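Secondary and tertiary structure notes
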2 protein chains.
Amino acid sequence: MDGFRILEIKKSVFESNDREADLLREQLKKDRIFLLNLMSSPGSGKTSTLKRTIAALKDEFQIGVMEADIDSDVDAAAIEKTGAKVIQLHTGGMCHLDAGMTRQGLEGLGLADVNLAILENVGNLVCPAEFDTGSVKNAMILSVPEGDDKPLKYPLMFSICDVLLINKIDVLPYFDFDLEACKRYVYRLNPKMKIIPISARTGEGIEEWADWLRTETRAWIGN
Amino acid sequence: MDGFRILEIKKSVFESNDREADLLREQLKKDRIFLLNLMSSPGSGKTSTLKRTIAALKDEFQIGVMEADIDSDVDAAAIEKTGAKVIQLHTGGMCHLDAGMTRQGLEGLGLADVNLAILENVGNLVCPAEFDTGSVKNAMILSVPEGDDKPLKYPLMFSICDVLLINKIDVLPYFDFDLEACKRYVYRLNPKMKIIPISARTGEGIEEWADWLRTETRAWIGN
């Protein structure tokens, strides 16, 4: 391994992001590549969850990871150690990725040897929810220390995701987090949400999450 | 008390936010009102820190709080119980407040009986850092569960703040958070940052934080 690349993402020039996102999804379908868009607040555990996910699925899929950040490359460095293909995307201050930016990232990553691509979006519960990246599925992480009321305050993010990982479940005894109340808030916004409590630290729940991702990826790439 | 008001904030129409922010600060100076802009990720503990802050300073200042959120009024409801004057601002999906929006909030709150105004900004480490609200000082909260590497990933936010509260210090034993490393990252970006470890749950560090805010407020309002 001779290190990962850092790509400075440019602002998209497309008029309709929704149209661009649909085009990207069509191309991914044709190329048999599944794209997961992973979103959360800063510090919810996206990168450590990804490390567990890669460990669980690396023998079945060719995994490629795009680490999007305003700055720094600490996440790409962490992912590189797993042996997965990785690229660091710098958004130049932009608070989200749209489909055009995601396409730049995928081209920078290189897709010839990838069939499961994962975008770790910028840590932000607000703006990324407003832009379709062209992903096949949207996943989000809410961590226990953030509080069970977050669905009330960031409803759009909880509405547009297919799966919610409730992370840091191992520290539940130390926080006032009502898991059942949280689920109720989420289901009110999004009755179809798949909710999986996990701990990226202890590995709890990772098998169920890997099962979900395996099933979705196989269905999409036709394998 | 007959309940708090919910104000739907409109997009600002001003050409230069910096100019508008300076104008707002000048007016606040003339009116002897201190404005604190409090920022953090979702779930870092802005509201619970505010409750402690109000309890510490309510006998010395006339406190007014603006709770900005995409949606919901759970924060304003929590603050109302402290007896402080409060208004809930809904940003209609917008991920930050600029000076024009802050001015709308202050007018909605009403300033005749306020000399310490606090804006709880939208939970977001990215966008709010880019917009001067017209505040006299900027404060931010980073909580222990978010990780010590956040200054590396969200450098602008850590650069534009005057004070950093490191919250949830009571759960330090349960997380891999290197307090000294975090401070080093912060000082590299912002050598003048005042850093105060606190626990909004146990009250640890709140006195030091209240001292800082008391001193800054008195200096500004000339009291």
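These numbers were taken from a predicted model, which means no experiment stands behind them. (Residues numbered from 1 in each chain as written. Chains lettered and ligands numbered in written order. Predicted model: local features only at pLDDT ≥ 70, side-chain atom pairs only at ≥ 80, totals over all residues. Heavy atoms only, no water.)

A few words on the overall build of chain A. The helix and strand inventory of chain A stands at eight helices and eight strands. Computed over its C-alpha atoms, the radius of gyration of chain A comes to 16 Å, within 12% of the 17 Å expected for a compact globule of 223 residues. Projected onto the principal axes, the alpha-carbon positions of chain A cover approximately 45 × 40 × 35 Å. Looking at chain A as a whole, 61% of its 223 residues qualify as buried. Total accessible area on chain A stands at roughly 9,000 Å², and carbon and sulfur atoms take up 48% of it. A distance of 3 Å separates the average location of the 27 positive side-chain charges in chain A from that of its 35 negative side-chain charges. (Helix = DSSP H or I, 4+ residues; strand = E, 2+ residues; numbered from the N terminus. Rg over C-alpha atoms; globule rule 2.2 N^0.38 Å. Buried < 20%, exposed > 50% of the residue type's maximum accessible area, 1.4 Å probe, protein only. Areas by Shrake-Rupley, 256 points an atom, 1.4 Å probe, with all protein chains shown as cover. Lys, Arg positive; Asp, Glu negative; His and termini not counted. Charge placed at Lys NZ, Arg CZ, Asp CG, Glu CD.)

For the rest of this paragraph, the subject is the relation of the copies chain A and chain B. Once chain A has been moved 0.0 Å along the axis and rotated by 180 degrees, it coincides with chain B to within an RMSD of 0.0 Å. Classification of the inter-copy transformation places it as that of a two-fold axis. A shared binding surface is used by both copies, with 100% of the interface residues of chain A retained as interface residues in chain B. (Least-squares fit on C-alpha atoms with pLDDT ≥ 70 in both. Contact = heavy atoms within 4.5 Å.)

All right, on to the pattern of salt bridges then. All chains considered together, the criterion is met by 28 salt bridges over all chains. Connected via shared salt-bridge partners are Glu60, Asp211, Arg214 and Arg218 of chain A. (Salt bridge = Lys/Arg side-chain N within 4 Å of Asp/Glu carboxyl O.)

Looking now at the side chain of Thr49 of chain B. Residues and elements named next belong to chain B. The topology assignment puts Thr49 in helix α2 (residues 46-57). Residue classification places Thr49 among the buried positions, given a relative accessible area of 1%. The residues touching Thr49, leaving out its near neighbours within four places in the chain, are Ile141, Leu165, Asn167, Ile198, Ala200 and Trp209.

So, about the sheet that holds strand β5 (residues 116-120) of chain A. All names here are of chain A. Read from one edge of the open sheet, eight strands run β1-β4-β3-β5-β2-β6-β7-β8, paired in parallel fashion. The sheet terminates laterally at β1 (5-8) and β8 (194-197), the two strands that pair on one side only. The mean angle between the axes of side-by-side strands here comes to 20 degrees, regardless of whether they run parallel or antiparallel. With six bridges connecting them, strand β3 (residues 63-69) and strand β4 (residues 85-90) associate as parallel partners. Looking at β4, one finds that Glu67 is bridged to Gln88. (Pairing = 2+ DSSP bridges. Axes fitted to C-alpha atoms, helices over the stretch in contact; angles between N-to-C directions.)

Another aspect to go through is the packing of helix α1 (residues 17-30) of chain A against helix α4 (residues 99-109) of chain A. Between α1 of chain A and α4 of chain A, the least distance of the axes is 8 Å, while the angle of their chain directions is 35 degrees. For the pair α1 of chain A and α4 of chain A, the contacting residues are Asn17, Glu20, Ala21, Leu23, Leu24, Gln27 and Leu28 of chain A in the first and Ala99, Gly100, Thr102, Arg103 and Leu106 of chain A in the second.

Time to look at the interface of chain A and chain B. Listed by partner, the interface residues are 32 residues for chain A and 32 residues for chain B. Between chain A and chain B, a total of about 2,500 Å² is buried, with carbon and sulfur atoms accounting for 59% of that surface. Three residues stand out in chain A for area buried against chain B, namely Pro42, Lys153 and Tyr174 of chain A, and they jointly supply 23% of the buried area on that side. Counting across the chain A and chain B interface gives two salt bridges. Counting the contacts that link chain A with chain B gives eight residue pairs in polar contact (both at pLDDT 80 or more). Of all elements in the fold, only α3 (74-80) and α5 (150-153) of chain A reach the threshold of two or more residues within the side of chain A that touches chain B. The dominant element in the side of chain A that touches chain B, judged by the number of residues it contributes, is α5 of chain A, at three residues. Considering only residue class, the side of chain A that touches chain B consists of 15 nonpolar, six polar and 11 charged. (Buried area = accessible area lost by both parts, 1.4 Å probe. Polar contact = N/O pair within 3.5 Å; in protein donor to acceptor, adjacent residues only side chain to side chain. Nonpolar A, V, L, I, M, F, W, Y, C, P; charged D, E, K, R; others polar.)

Before going further, it helps to spend a moment on the sheet that holds strand β2 (residues 34-40) of chain B. All names here are of chain B. The strand order across the open sheet formed by eight strands is β1-β4-β3-β5-β2-β6-β7-β8, and the pairing between neighbours is parallel. The sheet terminates laterally at β1 (5-8) and β8 (194-197), the two strands that pair on one side only. For this sheet, the mean inter-axis angle between neighbouring strands, taken without regard to orientation, is 20 degrees.

So, about the packing of aromatic side chains. Counted by the stated rule, this structure contains four aromatic pairs over all chains. Summarising the aromatic geometry, the rings of Trp209 of chain A and Trp212 of chain A are spaced 5.7 Å apart at their centres and angled 15 degrees between planes, so their arrangement reads as stacked. On the criterion of helical spacing, the pair formed by Trp209 of chain A and Trp212 of chain A is a turn pair, its members being three residues apart in helix α8 (residues 206-221). Across the pair, exposure class does not vary: Trp209 of chain A and Trp212 of chain A are buried alike. Lying across the ring of Phe175 of chain B, Arg201 of chain A places its NZ or CZ 5.9 Å from the centre. One residue, Lys29 of chain B, lies across the ring of Trp220 of chain B, its end atom 4.6 Å from the ring centre. (Phe/Tyr/Trp six-rings, centres within 6.5 Å; stacked < 30°, edge-to-face > 60°. Lys NZ or Arg CZ within 6 Å of the ring centre and 35° of its normal.)

With that settled, the discussion passes to the pairing of strand β4 (residues 85-90) of chain B. All names here are of chain B. Along β4, five of the six residues are buried, which leaves the element largely enclosed by surrounding structure. Strand direction decides the pairing type here: β1 and β4, joined by four bridges, are parallel. By the bridge assignment for β4, Arg5 is matched with Ile87. Since strand β3 (residues 63-69) and β4 lie parallel, the crossover through helix α3 (residues 74-80) that links them has a hand, and here it is right-handed. (Right-handed = clockwise from strand over helix to strand, strands pointing away.)

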